[in-house]
Amino acid sequence: MRRNTFAWLLVSLGTLVGCGGAEEAFEEDEGTVGEISENVVELNAIQPNAIQPNAIQPNAIQPNAIQPNALSPSSVAPNMLAALQDPGEAGRLSRTFMRYAVGCAFDPSQSFTVTWTDAQGVVQTETYVGKLGLAPGWATGPLDETGQRWVSACLAARTNWYGVTVILSLRASHDAIKHAASLERYSYPYEEGAFWGNLFAPTPYLHACVYVPNTDYARSVQRDCAAGHVGAAGIESCGLIERRGSCDAVCDSLDPNNGFRPKCVYDATVSPPRKTTEVVTVFLP
């Protein structure tokens, strides 16, 4: 059964480490994670219906409407604030998206707080703390196009068809997650694939490729969004994430030092194909 687009990514984001839902799981694994990674080892469980631009809930926040302002409570647009404060399902999806966007964009010293009143009239306050630091400048100014692509690649990489937690090693050319420690590379040796795109563009898009030799292994540990989910009707994509096939065919070879794909094709309609450097490569334990 195919799931709806903006809702797909938001629900899958539901237990992202450092972003609310997975805090307890992260605390249980904190010692191991700290020993393994000088880079970033992330828990993930964003269901694909959390990243759909055209969510079932018409009032849910739209990614391409939130980047013109700084991501601070005093700067958000009234329609964005209304979406975040909605007590219904649309508000839940909007807050989920924001939680994971903050986790990808901000560093651990930054946070975003939203206060809203639930259906029972109880005032709720949620604070989303940064984790990866891929676009920390969003705290004080608009999210530029480069930042949009980094946050989008991060959200796509952390999406999970099943909404379950899988520990990942995320690697990229971005300075914030560029240097994978030797123990991390040893402990997370299996390349799943890579993710890139722009959820914030007027026409949102996300792409994924799979490292073909590890396809069966990735599916066996419940990571289907690069390879595609095997369903009753055939191979299904995770909502908006378009599968582009083999990473070796659409991306540059892995960086020999830190193990990320430096560039991947986002437009194959021209010659030579256009590539983006805002790519997040995922490795599995």
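Residues numbered from 1 in each chain as written. Predicted model: local features only at pLDDT ≥ 70, side-chain atom pairs only at ≥ 80, totals over all residues. Heavy atoms only, no water.

### Things to note about the packing of aromatic side chains
How we decide: Pairing of aromatic rings covers Phe, Tyr and Trp, the last counted by its six-membered ring, and requires centre-to-centre distances within 6.5 Å; plane angles under 30 degrees mean stacked, over 60 mean edge-to-face, and any other angle means tilted. Each helix is a run of H or I in the DSSP string that is no shorter than four residues. Each strand is a run of E no shorter than two, and both are numbered from the N terminus. Throughout this description, buried means an accessible area under 20% of the type-specific maximum (1.4 Å probe, protein chains only), exposed means over 50%, and partly exposed covers the range between.
In total, this model carries 3 aromatic pairs according to the counting rule given. Geometrically, the ring pair formed by Trp 138 and Phe 200 is edge-to-face, given 6.0 Å between the ring centres and 90° between the ring planes. Of this pair, Trp 138 sits in the loop between β3 (123-129) and α5 (145-157) while Phe 200 sits in the loop between β5 (190-198) and β6 (205-210), and the two are 62 residues apart along the sequence. For the pair Trp 138 and Phe 200, a shared accessibility class is recorded, and that class is buried. Taking the centre distance of 4.5 Å and the plane angle of 40° together, the rings of Tyr 190 and Tyr 217 count as tilted. Of the two residues, Tyr 190 is situated in strand β5 and Tyr 217 in helix α7 (residues 215-220); the sequence distance between them amounts to 27 residues. Its relative accessible area of 36% is what places Tyr 190 among the partly exposed residues. Under the relative-accessibility criterion, Tyr 217 is labelled partly exposed at 28%. Three or more aromatic residues joined by ring pairs form one cluster here, namely Phe 97, Trp 138 and Phe 200.

### Some thoughts on the nonpolar core
Our working definition: Take the buried Ala, Val, Leu, Ile, Met, Phe, Trp, Tyr and Cys residues and link them wherever side-chain atoms come within 4.5 Å; each set so joined is a nonpolar core. What makes two residues a contact is simply this: any of their non-hydrogen atoms within 4.5 Å.
Grouped together as the largest cluster of nonpolar side chains are 48 residues, with contacts concentrated most on Leu 71, Met 98, Phe 112, Trp 138, Val 151, Leu 170 and Phe 195. Breaking this core down by element, the ones donating at least two residues are α3 (78-85), α4 (89-105), β2 (111-117), α5, β4 (166-171), β6 and β12 (280-284). Not counting chain neighbours up to four residues away, the residues in contact with Leu 71 comprise Met 80, Met 98, Val 102, Phe 106, Phe 112, Trp 138 and Ala 139. Formed by 8 residues, the second largest nonpolar core is a distinct cluster that contains Ala 194, Cys 209, Cys 251 and Cys 264.

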